[in-house]
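# Fold and contact review
The chain contents come next:
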Amino acid sequence: DVKVTQSSRYLVKRTGEKVFLECVQDMDHENMFWYRQDPGLGLRLIYFSYDVKMKEKGDIPEGYSVSREKKERFSLILESASTNQTSMYLCASQRGSQPQHFGDGTRLSIL
Amino acid sequence: AQSVTQLDSQVPVFEEAPVELRCNYSSSVSVYLFWYVQYPNQGLQLLLKYLSGSTLVKGINGFEAEFNKSQTSFHLRKPSVHISDTAEYFCATYSSGGSYIPTFGRGTSLIVHP
């Protein structure tokens, strides 16, 4: 069965820290995505990647960066965490035009 | 740019009653349409998808949706809901032949009361 694994379910960090959120998929999918989810706002796309070492900005990339050194792994980086980045972060992977598969999410709190 | 409108942010319903969650999309080209469900503290799980063919699509857990091109709608229905159906539901779409990056609606919270 398809599996997208996010390294942490819950994470608490301090403002100014550099934060890494990791996502691994075992389906050999080309496309991977990072979203944040906030109440009443639905899912907002931060970054996505079509291939190794490729990245594209989504709708809200400010304050974030990404890394894709291997096909199965897509990392989201908060360079200097701020309280307004407290949110639920969802990773997804996709093959071509097929539906996305999602991880269980990381609930990140920045104090 | 495409958009997806989920007309109800919250739908309360009693157990065993029927339910319809509404979704409208804007697009002038052929589209793919999806419904996802998110249970508390989990990621999104695909309920059903419309890619082409029959306009009535059946999904998991007894849900179905009907693609209506003239009304640009893709409403989700279930004839009899259970307490376990309490969750957030998201409608999503992208154009066939496009980038295949979905546009999501803001979600509808289905609350099933005993």
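Use the structure listed above.
Residues numbered from 1 in each chain as written. Chains lettered and ligands numbered in written order. Predicted model: local features only at pLDDT ≥ 70, side-chain atom pairs only at ≥ 80, totals over all residues. Heavy atoms only, no water.

We now examine the overall build of chain A. For chain A, the helix and strand inventory stands at zero helices and eleven strands. Listing the helices and strands of chain A from first to last along the sequence gives β-β-β-β-β-β-β-β-β-β-β. A globule of 111 residues ought to have a C-alpha radius of gyration of about 13 Å, and chain A, at 13 Å, matches this closely. Taking the principal axes of its C-alpha atoms as reference, chain A extends roughly 35 × 25 × 25 Å. Relative to its full complement of 111 residues, chain A shows a buried share of 50%. (Helix = DSSP H or I, 4+ residues; strand = E, 2+ residues; numbered from the N terminus. Rg over C-alpha atoms; globule rule 2.2 N^0.38 Å. Buried < 20%, exposed > 50% of the residue type's maximum accessible area, 1.4 Å probe, protein only.)

Our focus in this paragraph is the state of the cysteines. Note: disulfide means a covalent bond formed between the sulfur atoms of two cysteine side chains. All names here are of chain A. Within the structure shown, the criterion is met by two disulfides over all chains. Here C23 is linked by a disulfide to C91, with a sulfur-sulfur distance of 1.9 Å. As the torsion about the S-S bond is roughly -75°, the C23-C91 disulfide counts as left-handed. Of the two residues, C23 is situated in strand β3 (residues 19-25) and C91 in strand β9 (residues 87-94); the sequence distance between them amounts to 68 residues. (Disulfide = S-S within 2.5 Å.)

Evaluation of the coordinates by the stated rule reveals 17 aromatic pairs over all chains. Residues A:F33 and A:F48 carry aromatic rings whose centres are separated by 6.0 Å and whose planes lie at 25° to one another, so their mutual orientation is stacked. In this pair, A:F33 sits in strand β4 (residues 31-38) while A:F48 sits in strand β5 (residues 42-49), placing the two residues 15 residues apart along the sequence. The same class applies to A:F33 and to A:F48, which are both buried. Taking 5.5 Å as the distance between ring centres and 70° as the angle between the ring planes, the aromatic pair formed by B:Y94 and B:Y100 counts as edge-to-face. The exposure class assigned to B:Y94 is buried, which follows from its relative accessible area of 2%. Here B:Y100 falls in the partly exposed class, since its relative accessible area comes to 21%. Chaining the aromatic ring pairs together yields one cluster made of A:F33, A:Y35, A:F48, A:Y50, A:F102, B:Y32, B:F34, B:Y36, B:Y94, B:Y100 and B:F104. (Phe/Tyr/Trp six-rings, centres within 6.5 Å; stacked < 30°, edge-to-face > 60°.)

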